[in-house]
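Here's the letter readout for the chains.
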Amino acid sequence: MKLIQNYIQYPEMFDEMFDKKGITRDIYKNFEKFLSKTSVKNLNSMKDFAQQFFMNQGVTFTVYDDDQGVEKIFPFDIIPRIISYSDWKIIESGIKQRITALNLFIRDIYHEQFILNDNIIPAELIISNPNYLREMRNIKVPNDIYTHISGIDLIRNEEGKFFVLEDNLRTPSGVSYMLENREITRRLFPEMIPREKVQPISDYPNLLYNKLKSLSNKKNPVVVMLTPGLYNSAYYEHTALARLMGVELVEGSDLLVDNHYVFMKTAGGLKTVDIIYRRIDDDFLDPLNFKAESVLGIAGIMDSYRQGNVILVNSPGAGIADDKAIYTYVPDMISYYLNEKPILDNIKTYKLTNKDEKDYVLKNIDKLVLKRTDGSGGYGMLMGKSATKEEINKYKLKIEKEPEMYIAQPTLNLSTSPCLIENSLHPRCVDLRPFALFGSDGIEVCPGGLSRVALKKGSLIVNSSQGGGSKDTWIVKN
Amino acid sequence: MDRYMERSYGLLNLIKTNYNSTLDTGDYQSWNGILKSYMGIDKSISNENYQDSISVIEYMIFNNSNPNTLINMITKARENARSVQEHISREIWVAINKYFLKITDKKFYKYYKKNDPIDFINELTQFHHIYYSVADISQERGNAFCFMNLGKYFERILQSIDFLNVKIDILESNENNLNESYFWKNLLISIGGYQLYIKTYKSIFNVENIIEMITINQFFPRSIKFSVDKLYSHITRLNEFNKPESNSLKFLTGKMKNELTYSSISSIKQDGLKNFVYKIQFDLNKISNEINNIYFYQNN
């Protein structure tokens, strides 16, 4: 019980487990019972067990710029993050709505461009955007689906309302950690998971395979997973997904294009490939069409794609819709394409191309977070509150040079969740990345997702590349 | 010896898989089916919660009075090994003896009480993996090795038949069940065939593919076809070593092997799965009797 009594919440943040008065929320009541009966020693041994589990399974990721070595365990906190089924239903429908609109937007941008002609989104924002691929103009993609696999980052404000922080529509990663986190928590809390009716997620690889398969007209299409290789930070995830789906994991050099068809080199000769779940960026996909120096991709694959001989997942050019500058227009897209109100709102975002908004941002930089519109993984960010004067001045110069490349958002208050740190419970900021799959039979969102945690005290940065960790996410139906 | 080792390995895998599936579904009643088919306990015990899972596992591993528990099977395997020490390699004997000493150690029982069952079962399965590899690298390829393998593959076929017999009815009626893929996944994991299944048939679970894999897939080391092929090659070698008067054993096994080679899922369906399984059992009985006649029956 001491564990809970000594828990001190962050001020002005929504805590997932306790309300402002420190009373345990209903969905955490049973977990509280468990905590009150267990000892710190026991929790620590559970933590060790989890760590050993990840080591044994080889669940590691690579951090760039790290002198100490390349492979690390993804820090994992054993206390699950719990979300009620009713809250989940809102998230689920919000994500479905959002992805439907984003997909329609991408289709429109690469075809008729109604949304630009109707002046809903300024055309220069698209034309000048590095994620806009002219090569995709007027290409008919199978089933008109561009965003097959997406990860939508959500946060909760001080009232507990969910907001969308970011859409990840290119090659969102983290799903294998979501699966492994559940593998370990079901071992750590064997009684609680069935009792609380935690929604299962282990079917994700089957669902993913079936969604991929649904894109082809063939009865038994050949699906492969394309990885940049062993040194990619998400390599573990690539191998895990390929293994769980029973598909081949290939690198660019394992594939070739002949007469506009893609083939895989196998011990038994060349084998036609129908669907490629690629985990490499657009730029590196095809040296003949994009970066000529890329050795990760396959020469001529875009021509094969154009002819409809191979299906690429996600579609090249989908990144245009998860750009941070485009993000501000998603609510407009939802109303434009679907004539609906957004179920999940955006965070207030300032566009630096707008003079008034830019002036406001430069004056109030200490209260804001600035981001590059094409950045990801927490790189290229400036946290106004904690940055030095020198850093701010440098950043201001960058903004003056290319204002269209930056956006600003108020310093966010993420929600917090209790974490076991040095023998006691401490609040740490969390976000939530649910994963959605879009196939010819519609969109499905895997119940839960990856809850990422900022493990440093007071930190808001949850990215794994910046020292973040993760927790299991329980959607409880009880 | 090998039959006991193979059977206990199957039991451990089944326990692990079922425990795993109860963590997702909370279906503690599922233990009853296993208690019935593996422990011969017919009366229905009400398994309702996690603690019941722990007690059931404890029973299946440590109970002394039921001959089908792990501890008793390992004890018997060790007795067998002791009585044929001059035929088996020293390393095999040590591997089994160590396993026996570990599982009968009181400290190990206490360790079970404290630890995660999956970790515990993984530790036990390691003894089997050591046993299999030690047998592979240290046992001379003579009569003893062939007899060991006959025991192993007989047991495997019987386990596959059990699997087909017990589950087919449920499978057919549950084909469109919501938890279908869970169910299949766990079933396949319990016989070590999940990885091969998704590679071969991808993530689409259907009764036909699963039956095909368990009966006639030549690459699946637990399929009936694979095991019969192995029986045939060991019986052929025994024939070469011992030159028995009658060729009937090799003839019976060769016939069974060829029947399986020229079976397909459609021919199995045409004959009916029950008939197919019955025929396998019938042929296996004949082979077993013939082994006894030729190698163990003392003609005075």
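Residues numbered from 1 in each chain as written. Chains lettered and ligands numbered in written order. Predicted model: local features only at pLDDT ≥ 70, side-chain atom pairs only at ≥ 80, totals over all residues.

Draft legend 1. Focus on the nonpolar core. With 205 residues, the main nonpolar core has L102, F105, I106, I276 and A436 of chain A as its most contacted residues. No other element matches helix α4 (residues 85–109) of chain A, which puts 10 residues into this core. Looking at which domains feed residues into this core, each of domain 1 (1–139) and domain 2 (141–300) of chain B supplies at least three. When near neighbours in sequence (up to four residues on either side) are disregarded, A436 of chain A contacts I95, I99, S150, I152, I443, E444 and V445 of chain A. (Core = buried A, V, L, I, M, F, W, Y, C linked by C-beta atoms within 7 Å. Buried ≥ 20, exposed ≤ 12 C-beta atoms within 10 Å, placed from the backbone. Helix = DSSP H or I, 4+ residues; strand = E, 2+ residues; numbered from the N terminus. Domains from an automatic or database assignment. Contact = placed C-beta atoms within 7 Å.)

Draft legend 2. Geometry of the sheet that holds strand β9 (residues 261–266) of chain A. Residues and elements named next belong to chain A. Strand order in the open sheet formed by three strands is β8-β9-β10, with antiparallel pairing between adjacent strands. Strand pairing shows two members of the sheet lacking a second neighbour, β8 (255–258) and β10 (269–272), which therefore form its edges. Neighbouring strand axes in the sheet, compared pairwise and without regard to direction, differ in orientation by 40° on average. Sheet topology places β8 next to β9; four bridges connect them, and they run antiparallel. Looking across to β9, one finds that V257 is bridged to V262. (Pairing = 2+ DSSP bridges. Axes fitted to C-alpha atoms, helices over the stretch in contact; angles between N-to-C directions.)

Draft legend 3. Structural view of the interface of chain A and chain B. Contacts between the two partners involve 17 residues from chain A, matched on the other side by 13 residues from chain B. Secondary-structure elements contributing two or more residues to the side of chain A that touches chain B are α7 (175–188), α8 (192–195) and α9 (204–213) of chain A. Of the residues forming the side of chain A that touches chain B, the biggest block, four residues, is contributed by α9 of chain A.

Draft legend 4. Summary view of the confidence of the model for chain B. Summary statistics for chain B give a mean pLDDT of 87 and a share of 92% for residues scoring 70 or more. As scored by the predictor, the complex reaches a pTM of 0.86 and an ipTM of 0.78. (pLDDT = per-residue confidence, 0-100.)

Draft legend 5. Geometry of the domain arrangement of chain B. All names here are of chain B. Assigned domains of chain B: these are domain 1 (1–139) and domain 2 (141–300). Relative placement of domain 1 and domain 2: their C-alpha centres are 23 Å apart. Of the residues lining the interface, 19 residues belong to domain 1; the matching set on domain 2 comes to 16 residues. At the level of elements, α1 (2–25) and α2 (30–39) are the ones that each hand at least two residues to the side of domain 1 that touches domain 2. Residues of the side of domain 1 that touches domain 2, tallied by class, amount to five nonpolar, nine polar and five charged. (Nonpolar A, V, L, I, M, F, W, Y, C, P; charged D, E, K, R; others polar.)

Draft legend 6. Region of the structure containing the environment of Y194 of chain B. All names here are of chain B. Among the structural elements, Y194 can be located in helix α10 (residues 194–201). Since 18 C-beta atoms lie within 10 Å of it, Y194 is described here as partly exposed. Counting along the chain gives 30 residues from Y194 to L164, while the straight-line C-alpha distance between them is 16 Å. Those residues within four positions of Y194 in sequence are excluded, and the remaining contacts are K185, L188 and I189.

Draft legend 7. Fine view of the packing of helix α5 (residues 90–104) of chain B against helix α7 (residues 117–138) of chain B. Residue and element names in this part refer to chain B. Following both chains from N to C, one finds α5 and α7 inclined at 170°, their axes separated by 9 Å at the closest point. Judged on the interaxial angle alone, α7 and α5 are roughly antiparallel. Facing E91, I92, A95, I96 and Y99 of α5, the residues of α7 in contact are F127, I130, Y131, V134, A135 and S138. Along the lines of polarity and charge, the residues of the contact of α5 with α7 split into nine nonpolar, one polar and one charged. (Parallel < 35°, antiparallel > 145°, perpendicular 65-115°, else oblique.)

Draft legend 8. Representation of the pairing of strand β6 (residues 223–226) of chain A within the structure. Residue and element names in this part refer to chain A. Here β6 shows a buried face lined by V223 and M225 and a second buried face lined by V224 and L226. Bridge analysis of β6 against strand β11 (residues 275–278) gives four bridges, and the strand direction is parallel. Within β11, the position partnered with V223 by the bridge is I275. Where β6 meets strand β7 (residues 248–250), three bridges bridge the pair, whose relative direction is parallel.

Draft legend 9. Representation of the pairing of strand β15 (residues 368–372) of chain A. All names here are of chain A. Among the five residues of β15, four are classified as buried, and the element is accordingly described as predominantly covered. Of the strand pairs in this sheet, β15 and strand β17 (residues 406–410) are connected by five bridges, and their pairing is antiparallel. Bridged to K371 within β17 is I407. Pairing between β15 and strand β16 (residues 382–383): two bridges, direction antiparallel.

Draft legend 10. Main features of helix α13 (residues 330–338) of chain A. Residue and element names in this part refer to chain A. Where α13 is concerned, the buried positions are V330, M333 and I334. Taken around the axis of α13, the buried residues stretch over an arc of 100°, which confines them to a single face. Against α4, α12 (324–327) and β13 (345–346) lie the buried residues of α13. Looking one or two places after α13, you find N339, whose phi comes out positive at around 55°. (Arc of directions from axis to C-beta.)

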